[in-house]
Each structure stands twice: as structure tokens, then as C-alpha cells.
Amino acid sequence: MSNLLHILPPTAFVLLLGAITTLVVSLCGNALGLIIGTTVCLMRISLHRTARVVAATYISFFRGVPLLVQLLIVYYFLPMIGLDLPPFFAAVIGLGLCSAAYQAENLRGGFLIIPKGQAEAARAFAYTPAQTRRYILIPQALRAAAPALINEMILILKASSLVSVVGVADLTRESQNIVARDLNPIKWYLIAALIYLVINFILARLGATLERRLNVGYGAATL
Amino acid sequence: MTFSLSLLGQYAPQLLKGFELTVIVWLAGSLFAVVLGFALGCALLSKHSGLTFPVRCYVEFFRGTPLLVQLFVAYYGGPSIGITLSAFTVGVVGLGLYGAAYFAEIFRAGFASVPAGQIDAARSFGIPVWSRIRRIILPQMLVLSVPPGITLLIILLKDTAILSIVTVPELTFQVTGMTIETFAFVEPFAVLAALYWALTELVSFLGRRTEYRLGRYLK
Amino acid sequence: MDEPGMSETSNGRAALLSVSNVSKWFGDHQVLNSVSLSVQRSEVVCVIGPSGSGKSTLLRCINFLEEYQSGEILIRGKLIGYATTASGQRVRDSDRNIDALRREVAMVFQQFNLWPHMSVLDNVAQPLILVYGKPKSDAYSKARAVLEKVGLGDKIDEYPLRLSGGQQQRVGIARALAVEPAAILFDEPTSSLDPELVGEVLQVMKQLAREGMTMVIVTHEMHFAAEVADRVIFLDRGVKVEEGTPKDVFFNPKHERTRRFLETWAERNSLFTKNLAETVQRTPDV
């Protein structure tokens, strides 16, 4: 790592750190969003009306309010309930809560695609509803929603530029710092933009590969 | 939690101005985005790679990079090459260029979704090119573009909040200023959230009505 | 033809499955009208009838995939779906109790309903592990054995969607066999299959019948019913119109509706009607 320090000019190194921070924040936010999103989705398709209403309200709120505002609220709210955490955590929580709303809808699409007969067969073999969800429905919903979920990762990555506002040293914040010292805003901001572009491109490629791998077992139904 | 409504009343004129600006920037930026996006979408239909390649680059850049960074390039970078624009202009233009890339894709997909059979039928009846475009292709393409278009408009509405970071004095900017002065943070932001929520729900609702009316025309 | 609800057949043996005066409504529409049926151990009962007659619904009531509003369905003498409260009221039973009874019967579906994200082996073994609490090694050996039995021993690691329809249905039968049920319910098992694939499935079903499995089969395959069924039931618009041995029902139907149904079927399958008679003659009376 220290070799890297010698080879790279300081600005490049700082941008690299920023890019890594961006990636980490995005991944954590995405993961949190998936966990919360799965729960919200299950509530959304639940048989109990209250759960459905709560889930629908959650989705409506977190999709209807700008992410920036959500991040600001989380950032100022956490200290109020005694959680004095570094901005990184507020960022991940904010991203996660917001992403969950979108992931819940993506997953719902995944659930809706599953033919009804499969859950029925599980019922006939005396699976409990929890077993049916865990072993039959969720694996397939995740597979079906995989393209949308991967797309969500790319969206989170772009949205993560907002965490610079709540003090996270991500790519955007680091490029701002460089411009403050070095001036030359066009050059540095365009470089930052390009880095985002490259990361997104790589993610899109990974996504396509993942999609292909997941569909291996399915193939085309033979006669 | 000390939240007094009087505080709200005190700042009401600023908040109102901010709200007004949010709507104006949103509408202006969206108009820009739709018009430019339409032109770009049409360009993408061309068979000349000399035309499609640069447009494709444009679309990939503006869709693949964060809006915030794009705004930084325009707002902070502009002066360094001699173009000093007001925050408002940067906001509208920034939102417009960003939105245009997405609308370009929506319109391109809309064109592609018009059933080829209809175009063939029109040609076989000898209907001239411009009429074909005006009466058959365009109406259907527009109807297909409405649902994703409305979704995009709502996204642009929410993204106006980001403009506050480059000092466009819209609603979020005003509320942030208010919290800095009053040291009350969560409550004003919560009200801000509620306002956006109401606004986006309203636009969604109008959007669904429009889709419904258009859907009836299709049937 | 109304019969008093019975859980004992005329020769005194307790019925394995007993459906007594079961009625079911979907909203205002009555799909089952006081249907009774009793199935003994090792019996093969075929249910035939036009579409919309309620045959599938009847089958699905037996394992309570569909609720029935009146009447009783007993599996091994125990009522499925409902329990009686202390005050004598009938209420929907707990899921635990319903599941306990579901474990006694297995079902084979028209659309196969295999789980596509798991291998064939897992499809058959998983119910044993999750529901019947078998240790994994036992479950997998049992699964292999049944898959071998239905002729798919070489396909255990394949995924369902890569198999032909006939193979998928055989996996479905294997899945049902693996749990060692008291009876297997077949819901139009061959109706979704291309004609040339029907045979392999019927083959397996015939073997099961020979081995003494208790089967209730909703089917359109008259030849199969003629060859294998101990009893045939004709259902029309939710009413049990005719019941008897294949010979009785196919060649001496007592009711006009049965006659008409068989005629319509015969017209469409004229090639086979002559052979049907031969098939029935060949099958020895019980």
C-alpha cells in the first residue's frame, strides 16, 4: 500500500480513496436496502391489511421525498436519539431506507411472476407459510428481480454522491476538496464524473454476467 | 423538540418563494429536457453512426454520472472558461441536460414500440411520409411514452432539491437556511419532506388520470 | 343419487377417504352439490366429467386446498379443515391440524408445479426434510430410489425446466411417492401433456395401481380409467350423477347426462371407442 503512495500523485490517491468510500457506502446501503426491502415487500403482499397499508405508505413516502432531504433528516435525527455516529452510518442508513422502497417494488414484481401453482404444491405438501416463503418464493423472487436489483445498485451509486453533503469523504467530496486547493474545477469534476461512469460500466457488466449465471438452470424448456 | 408554528410563519415568505422557484425550475427544466430529449430520441433512430454515436455518448454520460457532479461542472467550472451563469440558469440547464438524456431513451423506445405492421399498412396505402409520421407513428409513440415520462418528471421534481447545493434558492435551500439560523433541524426538514411527498403524490395522481384517459382512447 | 354420509363401506371396512355430502360455493355459484364419495385402501377411483363440473374442486377439497362449506371430508377417519368448538360450532381448524392431515395424502398437479429453482432430486427430497423431518441422507436416498422407480434415475441433478413434460410429471409423481402417503390425488395429470408423452406417465400410474396404491384420479383418459379404475365417478355441474365400475359407467350408464357426455367424448375419439369396449372386456371384474 505504501508503494502505491509513492507511485500515485496525492490527488489520484485521494480520488481513489473517495471512490472506494463511494463503493463501500453504496454496497452497504444496497445491502441494507435489500434486507429492509424484502421485509417491506413481504408486508406489501401480506394477507393482513394493516401490514399492506404500512408497507404501501412506507414505499410511497420514501419514493416521494427527495433522497437529499431524507439524508439530512437521518443525519440530524440520529444524534437526537443518542446515536452519535460518524456520517458514514447516517449515509448508509439514509441510502438503505430509501433504496428499500424501490427494492420492495422490484421484489414484488419478482413475486408476482411466480406461478401460483408452486405455492399451492407447497401447501399440498404441508409446508408452513414461512417454509413456502423461505424455500420456494423468496429464492425465485430474488432471481426474477435480479436485473432490477442490479440496476438499483447502479442507481444507488449515482445517488451516493449526495452523501458528500452530510460530510462523508466520498468521491464527490474528495473532488470538491481537490478543487478547493488546486482549482481547475472542470478538470477535476469531469475526472470524478468519468470515474463514476467507469464504475457504473463495470457494475453493468458484472450484472449481465450474474444474470446469465442465474439463468443457467432454467434454459429453454424442452419438449 | 421545540417546534413552534410561529417559526414557520416567520419564514413563510421565504418558504413560499422557495416553493415557487422549485416549481418554476422543475417546469422549465422539464420542458427543456422534453424538447431536447425528443430531438435526441429522433436522432437515435438514424442509421448514420456519425449522428447516433455522439448522441449515444451524450446519453451515456448524462445517465451514468451523478446530477450533482454535472451541476458542479457547470456552476463551478463555467466561470473558469468565462461562462458565468446564475444559479437559476445552471439549475434549469443542468436539470434539462440531465433529463434530456433520459427522455431521449424514453422516446427512442417509444418509437421502437410502435407496431411495425401499422407502418407497413400505412405505406401500402400510399400515405406520404410526413402524414405517416404525424398521424400514425407520433400519436402512438407519445401515448407509449407517457407512463415512463411521468415517472421521469417526478424524478426531476425530486432532483430539484439537489439544486440547493449549487445555491439555487428553491425550497430545500430556503429550509436549510432556516435550520441553520434557528438551530431547529429535524422538524423543518420533516415538514419539507411532507411538502415534497404531497407534491409528488399529486403529480402521480394527475399522471395516473392522464394515463387512464389516454388508455381509453387506445381502446 | 344421494347416499347417507358413510365412513364405513358396506362390507364393514373403514374407508381411507370419506367425502360426505360436501357442498361448495364460489360466492353465489354452487360448484359442488352434496357430493359423496368413499375410497378404500388400494382402491383406484377415477373422476370424469365435463369441464366446470367441479371434479378438480372436489379433489382439492380433499386436501383442503379449497374450502368446502358443508359436509364432511374424513381422512383416515379424521375431519379435515374444521374443528368443533366446545359449544358445538364448526370452525376452521388450525393450520397445524390441517397440515397434519395433508401429510397423509399427496397430490400430483396438472401443471406439475415443480419448483424450478431446485434440482429434481431436491424437489423430491425437500418435503421429506422440511415437513416430515427426515435427516438429509435418508431423504436423499429415498428420493433417489423413487426417481429410479419412475425411470428418472439419470436425471436427478437436472433442473425441472430442462425436462420434457412427461418427465416433469413423473418427477411430480416421484415427489408424491416419496412421502409415503396413504393416498395420492391426481388432478388431471396428463391434460397438459403432448399426446406422445402421455403414455409414459400413465405407465407409471398403472404400475402404482398394480402395487396397491390408493389413488383418486381426475382424468379425461377414458382408456386409462377403463383399464385401471376400480370405480368411476361421473360428475356434472357439481353433482355426482353416476358411480360404478368402468363397465357399468361406460357401457350401461343409468343416466341420460352420462350417456350424452360419453357420446360427445366418443365422437371426438371415434377411433378409440371400439377399442374401449375391448379394453373393458379384458379387465377382470373385481
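Everything numeric in this text was worked out from a predicted model, so none of it was measured. (Residues numbered from 1 in each chain as written. Chains lettered and ligands numbered in written order. Predicted model: local features only at pLDDT ≥ 70, side-chain atom pairs only at ≥ 80, totals over all residues. Heavy atoms only, no water.)

## Concerning the confidence of the model for chain A
Quick reminder of the rule: As a per-residue measure, pLDDT reflects the predictor's confidence and takes values from 0 up to 100. For this analysis, residues touch if any pair of their heavy atoms sits within 4.5 Å.
Per-residue pLDDT for chain A has a mean of 89; in total, 93% of the residues score no lower than 70. Scored below 50 in pLDDT, residues 219-223 of chain A makes 10 contacts in the model with residues more than four places away or belonging to other chains.

## With respect to the state of the cysteines
Such a bond, covalent and formed between the sulfur atoms of two cysteines, is termed a disulfide. All names here are of chain A. Definition in use: Put simply, a disulfide is two cysteine sulfurs that come within 2.5 Å. The buried label applies to any residue whose accessible area, calculated with a 1.4 Å probe on protein chains only, is under 20% of its type's maximum; exposed applies above 50%, and partly exposed to all values in between.
By the definition in use, this model includes zero disulfides over all chains. Among the cysteines around Cys98, which has no disulfide bond, Cys28 carries the closest sulfur, lying 16 Å off. Judged by its relative accessible area of 9%, Cys98 falls in the buried class.

## Overview of the pairing of strand β11 (residues 231-236) of chain C
All names here are of chain C. Note the following rule: Each helix is a run of H or I in the DSSP string that is no shorter than four residues. Each strand is a run of E no shorter than two, and both are numbered from the N terminus. Only strands that DSSP links by at least two bridges are regarded as paired with each other.
The buried fraction of β11 is high, at six of six residues. Of the two faces of β11, the one carrying Arg231, Ile233 and Leu235 and the one carrying Val232, Phe234 and Asp236 are both buried. Both strand β3 (residues 44-48) and β11 contribute to a ladder of four bridges, which runs parallel. Bridged to Val45 within β11 is Arg231. Pairing of β11 with strand β12 (residues 239-244), which is carried by five bridges, proceeds in the antiparallel orientation.

## Section: the arrangement of the chains
No other pair of the two pairs of chains in contact has as many contacts as chains A and B. Nothing in chain B touches chain C; the tightest C-alpha to C-alpha distance between them is still 30 Å.

## Notes on the nonpolar core
Heads up, the condition is: Residue types Ala, Val, Leu, Ile, Met, Phe, Trp, Tyr and Cys, when buried and joined through side-chain atoms within 4.5 Å, form a set referred to as a nonpolar core.
Leu17(C), Leu147(C), Ile173(C), Phe186(C), Met205(C), Met215(C) and Phe250(C) are the most contacted members of the largest nonpolar core, which has 101 residues in total. In terms of residue count, helix α6 (residues 195-210) of chain C provides more of this core than any other element does, eight residues in total. Ignoring anything within four residues of it in the chain, the contact list for Leu147(C) reads Val120(C), Leu121(C), Val124(C), Leu152(C), Gly153(C), Ile156(C), Val171(C) and Ala174(C). Ranked by size, the runner-up nonpolar core spans 86 residues in total, among them Val65(A), Phe72(B), Val92(B) and Leu157(B).

## With respect to the interface of chain C and chain A
As a reminder, the rule being used: Simply put, the buried area is the total loss of 1.4 Å probe accessible area from both parts when two parts are fitted together. Salt bridges are defined as contacts in which a side-chain nitrogen from Lys or Arg sits within 4 Å of a carboxyl oxygen from Asp or Glu.
The interface is formed by 32 residues belonging to chain C together with 24 residues belonging to chain A. Buried area between chain C and chain A, both sides added, is near 2400 Å², and the carbon and sulfur share of it is 57%. Among the residues chain C hides against chain A, the three largest losses belong to Trp115(C), His117(C) and Leu130(C). Together they make up 26% of the total. Remark: the boundary between chain C and chain A carries one salt bridge. Across the pair Glu120(A) and Arg60(C) runs a salt bridge whose closest N-O atoms are separated by 2.8 Å. Elements with a contribution of two residues or more to the side of chain C that touches chain A: α2 (95-102), β8 (105-108), α3 (120-130) and α5 (165-178) of chain C.

## Digging into the sheet that holds strand β2 (residues 29-39) of chain C
All names here are of chain C. Worth spelling out the cut-off: Only the stretch in contact is used when a helix axis is fitted, and all axes are lines through C-alpha atoms; the angle between N-to-C directions ranges over 0 to 180 degrees.
One open sheet accounts for four strands, arranged β2-β1-β4-β5; its pairing is antiparallel. Every other strand in the sheet has two partners, leaving β2 and β5 (78-79) as the edge strands with one partner each. The pairing of strand β1 (residues 17-26) with β2 spans seven bridges and is classified as antiparallel. Within β2, the residue paired with Ser18 across the bridge is Ser38. Across the sheet, helix α1 (residues 55-62) lies against β1, β2 and β4 (70-75), angled at about 60° from β2, the strand it touches most.

## Looking at the pattern of salt bridges
One pass over the structure, following the stated rule, counts 23 salt bridges over all chains. Among the ionic pairs, Arg257(C) bridges to Asp236(C), the shortest N-O distance being 3.2 Å. Residue Arg257(C) is found in helix α9 (residues 256-268), and its partner Asp236(C) is found in strand β11; the two are separated by 21 residues along the sequence. On the accessibility criterion, Asp236(C) (10% relative accessible area) is buried. Linked by salt bridges that have partners in common, Glu120(A), Lys24(C), Arg60(C) and Glu66(C) make up one network.

## Considering helix α8 (residues 171-182) of chain A
Basically, it comes down to this: Working rule for helices: expected span equals 1.5 Å times residues minus one.
Along its 12 residues, α8(A) runs 16 Å from first to last C-alpha, staying within 8% of the 16 Å computed at 1.5 Å per residue. On the buried face of α8(A), the contacting elements are α2 (10-44) and α9 (185-214) of chain A together with α3 (67-77) of chain B. Looking at the residues trailing α8(A), positive phi occurs at Leu183(A), about 55°.

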